[in-house]
Amino acid sequence: MFCKNCGAEMKSGAAFCPKCGTPVSAAGGEVYGRRPWEGTSMQWHKLVTSLGLFGSAVVFLVFAIRTILGSAYLHQVMSMIKKAVKVAEAFTGDLSSQIAELKDEYSVGEIWDELGGLKAVDILMIICWFAMIAAAFVVRHQLVQYRRNAPKHLVIFILAGGCLYFLHSLVRQIVFGGEMSRMSMGMVSVNFMVLPVIGLIIAVAAAYFTHVYYKKRAVLFCN
């Protein structure tokens, strides 16, 4: 027979589980006649541990590199310029060469010099992204070892990633996007919050699905 609390094998007539020490009476006076995870699908768990968390680490590394290089700001700057140029080209002709020159002259250092508050936010986010990379490997190790709190930590990890991406984008949009709008005298409205909002919704949905999935398999995580 097998312990209903942790699934460990028990001798017939045993009063306590030899692994977790749970009395048979505390487990409702019942034990399993077979291992509780037999017949339980673990395909999602295998996908998360083999690909999902490694993929998350790569994504967070890309976010960190983009923040260091200022790629996101370049995208915003060039989008604003291109929208404004479309209006100007109607009067002055092709301006593609000027756009290329502006792109070559751009650097994130100039943005940080102009908007000092963003530098502190970006440095904090770079630290957070690398912390999330480390967390991905820690959570994966816990899941592989079937640690008791591993599913809860995975849910927190998913929500933290979505919230960090959303909050960083929101602050960047408020500070940097507002400055871009002011510089264009309101002619160009630049909004880059669509993807962060979608990302946050996906993170919440994924966290809920993960919680439900692992709740049905809680007996496996007893180490």
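These lines cover the structure that appears in this document, whether it is placed above or below.

A closer look at the overall build of the chain
Inference 1: The helix and strand inventory of the chain stands at 7 helices and 0 strands.
Inference 2: What you see in the chain, going N to C, is helices and strands ordered as α-α-α-α-α-α-α.
Inference 3: Going through the 223 residues of the chain one by one, you find that 36% of them count as buried.
Inference 4: Pairs at least 24 residues apart make up 71% of the contacts formed inside the chain by residues separated by at least 6 positions.
Inference 5: Summed over all atoms, the accessible surface of the chain reaches about 13000 Å², with 65% contributed by carbon and sulfur.

Concerning helix α7 (residues 194–215)
Inference 1: Across its 22 residues, α7 extends 32 Å between first and last C-alpha, which sits within 8% of the 32 Å expected from 1.5 Å per residue.
Inference 2: Of all the positions in α7, only Pro-196, Ala-203, Ala-207, Thr-210, Tyr-213 and Tyr-214 are classed as buried. All buried residues of α7 fall inside an arc of 130° around its axis, so they share one side. Among the exposed residues of α7, those oriented more than 90 degrees off its buried face are Val-194, Ile-201, Ile-202, Tyr-208 and Lys-215.

Quick word on the environment of Gln-145
Inference 1: Of note, Gln-145 is situated in the loop between α5 (116–144) and α6 (150–183).
Inference 2: Of the residues examined, Gln-145 reaches a relative accessible area of 36% and is grouped as partly exposed.
Inference 3: Sequence separation of Gln-145 and Phe-221 is 76 residues, and the distance between their C-alpha atoms is 8.3 Å.

A closer look at unusual backbone geometry
Inference 1: At Tyr-146, a position not held by glycine, the phi torsion is positive, near 55°.
Inference 2: Structurally, the position occupied by Tyr-146 is in the loop between α5 and α6.
Inference 3: The exposure class assigned to Tyr-146 is partly exposed, which follows from its relative accessible area of 26%.

Side note on the packing of aromatic side chains
Inference 1: Across all of its chains, the model carries 11 aromatic pairs by this definition.
Inference 2: Ring geometry for Phe-63 against Tyr-165: centres 5.0 Å apart, planes inclined by 10°, an arrangement best described as stacked. In this pair, Phe-63 sits in helix α1 (residues 43–69) while Tyr-165 sits in helix α6, placing the two residues 102 residues apart along the sequence.
Inference 3: When its relative accessible area of 22% is taken as the criterion, Tyr-165 is described as partly exposed.
Inference 4: Three or more aromatic residues joined by ring pairs form one cluster here, namely Trp-44, Tyr-146, Phe-209, Tyr-213, Tyr-214 and Phe-221.
Inference 5: Looking at Arg-217, its charged tip hangs above the ring of Tyr-213, at a distance of 3.8 Å from the centre.

About the criteria used
- Residues numbered from 1 in each chain as written.
- Predicted model: local features only at pLDDT ≥ 70, side-chain atom pairs only at ≥ 80, totals over all residues.
- Heavy atoms only, no water.
- Helix = DSSP H or I, 4+ residues; strand = E, 2+ residues; numbered from the N terminus.
- Buried < 20%, exposed > 50% of the residue type's maximum accessible area, 1.4 Å probe, protein only.
- Contact = heavy atoms within 4.5 Å.
- Areas by Shrake-Rupley, 256 points an atom, 1.4 Å probe, with all protein chains shown as cover.
- Expected span 1.5 Å × (residues − 1).
- Arc of directions from axis to C-beta.
- Phe/Tyr/Trp six-rings, centres within 6.5 Å; stacked < 30°, edge-to-face > 60°.
- Lys NZ or Arg CZ within 6 Å of the ring centre and 35° of its normal.

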